[in-house]
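Observations on the three-dimensional arrangement
Here is what each chain is made of, one letter per residue.
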Amino acid sequence: MMMNHYSMTQLAASVAGALGAEAPEKSGPAMPAVQQLVQDAFGKSADRVLIYNPDCIGLWFWQKYTELFLPVQRYTQLTVPVATVMPAVTPVCFGTMYTGAMPAVHGIQSYTKPVIQIDSLFDSLSRSGKKVALIAVEDSSMAKIFLGRDIDYYLLPDDAAVADKGLELVQEDQYDLIVVYNQEYDDMIHDYTPEHPKAMEAAEHHAESFDRLCRAVKEHWQSHDTMVLWAPDHGNHLDWDGHGNHGEWREEDINTVHFYGVMPHTR
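One structure accompanies this document, and this report is about it. (Residues numbered from 1 in each chain as written. Predicted model: local features only at pLDDT ≥ 70, side-chain atom pairs only at ≥ 80, totals over all residues. Heavy atoms only, no water.)

**Re the pairing of strand β6 (residues 177-182)**
Burial within β6 is extensive, with six of its six residues counted as buried. Two elements, strand β4 (residues 132-137) and β6, share four bridges in a ladder whose sense is parallel. The residue of β6 that forms the bridge with Leu134 is Val179. (Buried < 20%, exposed > 50% of the residue type's maximum accessible area, 1.4 Å probe, protein only. Helix = DSSP H or I, 4+ residues; strand = E, 2+ residues; numbered from the N terminus. Pairing = 2+ DSSP bridges.)

Here you go:
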């Protein structure tokens with residue numbers, strides 16, 4: 001098997017570094033390529049970061065359906081193949097994404113949704129004086145595992161409401177970091193297959209939501225140096241029962257791909 005070189009443990013420190021903030025206490029190192037992207041674009045730290053988290057989209061899916069991602073790549077300059085952690089399920093992977101720690105350290109090692117107790121990106125940004133919004137679907141992993149932080153939570157009924165709230169918060173321009181989590185593709189691969197028309201439609205919805213958010217950033221964050229990030233948690237595969245699944249030590253589940261973009265201020 002060929003697993004990606006960069007690790008999910010590196011995202012938290014990379015985002016913290018981009019904002020000129022301290023990394024979570026137990027995180028892996030920042031990615032030099034992200035540091036260089038921000039430095040080359042701004043000559044300093046970013047003022048704003050927007051992270052879009054579409055659940056379950058793997059590297060293989062981007063490789064096979066590259067044109068679907070054109071709305072994403074329109075706003076990004078750096079493509080980073082990332083290896084997630086085991087088991088490759090949502091709370092485990094997002095736990096690592098936002099703490100920078102391996103599952104044995106952050107404490108979620110199966111499909112459970114306890115509140116993570118160790119230091120996270122949300123904590124370190126708060127200590128650094130950054131204002132953060134987390135927007136997620138109610139009852140999802142992202143709505144539960146990082147509760148209790150000094151950030152603003154917007155927990156809404158479905159992906160559409162989450163994306164709309166993201167647009168609203170971008171327009172209001174009150175946050176240093178906005179995290180937007182959507183889950184439709186993950187839902188559809190479990191109900192159908194990873195390439196079923198309903199799953200493909202869901203993936204298109206994710207790309208469209210990222211496009212809408214980035215267009216809003218260009219319009220409403222013109223006075224800020226901004227980094228945008230498309231960051232799935234894991235991939236997926238077609239299982240023996242005819243449905244999509246994930247969680248195994250296999251390339252389709254472990255390998256995903258992140259896209260980083262920079263938008264220098266224009267006024």
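**Focus on the packing of aromatic side chains**
A full pass over the atoms with the stated rule returns 15 aromatic pairs. Here the aromatic rings of Tyr52 and Trp230 are separated by 5.6 Å at their centres, their planes lie at 40°, and the arrangement is tilted. Of the two residues, Tyr52 is situated in strand β2 (residues 48-54) and Trp230 in strand β7 (residues 226-230); the sequence distance between them amounts to 178 residues. Each ring, one from Phe69 and one from Trp230, has its centre 5.8 Å from the other, and the planes form 80°; the classification is edge-to-face. (Phe/Tyr/Trp six-rings, centres within 6.5 Å; stacked < 30°, edge-to-face > 60°.)

**Some words on the side chain of Ser124**
For Ser124, the location among the structural elements is in helix α7 (residues 121-127). We classify Ser124 as buried; its relative accessible area is 0%.

**Some words on the nonpolar core**
Generally speaking, soluble globular proteins have nonpolar side chains that are buried together. Core analysis: the largest hydrophobic core is formed by 52 residues, its most contacted members being Ile51, Tyr98, Phe122, Met142, Leu177 and Tyr260. Listed in part, the 42 residues of the second largest apolar core include Leu68, Ala133, Val137 and Met188. (Core = buried A, V, L, I, M, F, W, Y, C linked by side-chain atoms within 4.5 Å.)

**Some thoughts on the pattern of salt bridges**
By the definition in use, this model includes 15 salt bridges. One salt bridge connects Arg127 with Glu22, and the closest N-O pair in it is separated by 2.8 Å. Placement of Arg127 in helix α7 and of Glu22 in the loop between α1 (11-18) and α2 (32-42) is noted, with a sequence separation of 105 residues between them. With a relative accessible area of 41%, Arg127 lands in the partly exposed category. In this structure, Glu195 and Lys64 form a salt bridge, with 2.6 Å as the shortest nitrogen-oxygen distance. Taken together, the positions of Glu195 in the loop between α10 (184-191) and α11 (197-220) and Lys64 in helix α3 (residues 59-64) put the pair 131 residues apart, joining distant regions of the chain. Residue classification places Glu195 among the partly exposed positions, given a relative accessible area of 33%. Here Lys64 falls in the exposed class, since its relative accessible area comes to 51%. Beyond isolated ion pairs, a larger network of salt bridges with shared partners links Glu22, Asp119 and Arg127. (Salt bridge = Lys/Arg side-chain N within 4 Å of Asp/Glu carboxyl O.)

**Let's talk about the packing of helix α9 (residues 159-172) against α11**
Where α9 contacts α11, the axes come no closer than 9 Å and their chain directions differ by 10°. Relative to α11, the element α9 is oriented roughly parallel. Across the interface between the two elements, Asp159, Ala163, Asp164, Gly166, Leu167, Val170 and Gln171 of α9 pack against His206, Ser209, Arg212, Leu213, Ala216, Val217 and His220 of α11. Here the residues of the contact of α9 with α11 sort into six nonpolar, five polar and three charged. (Axes fitted to C-alpha atoms, helices over the stretch in contact; angles between N-to-C directions. Parallel < 35°, antiparallel > 145°, perpendicular 65-115°, else oblique. Contact = heavy atoms within 4.5 Å. Nonpolar A, V, L, I, M, F, W, Y, C, P; charged D, E, K, R; others polar.)

**Looking at the pairing of β7**
Taken across its five residues, β7 has five buried, putting it largely inside the fold. Of the two faces of β7, the one carrying Thr226, Val228 and Trp230 and the one carrying Met227 and Leu229 are both buried. Relative to β7, β2 runs parallel, the two being bridged by five bridges. Note that in β7 the partner of Tyr52 across the bridge is Trp230. Examined bridge by bridge, β7 and strand β10 (residues 255-263) share five bridges and lie antiparallel to one another. Looking across to β10, one finds that Met227 is bridged to Val262.

**Details of the sheet that holds β2**
In spatial order, the strands read β1-β3-β10-β7-β2-β6-β4-β5; together these eight strands make up an open sheet with mixed pairing. Taken across any chain shown, the strands that pair with only one partner, and hence form the sheet edges, are β1 (6-7) and β5 (152-156). As defined by bridge partners, β1 adjoins strand β3 (residues 78-83) across two bridges and the pair is classed as parallel. Bridging across to β3, Tyr6 finds its partner in Val82. Helix-sheet contacts for helix α5 (residues 90-99) involve β2, β6 and β10, and the interaxial angle to β2 is about 165°. Taken strand by strand, α9 contacts β4, β5 and β6, and its axis lies near 165° from that of β6.

All we've got here are geometric facts, nothing functional implied.
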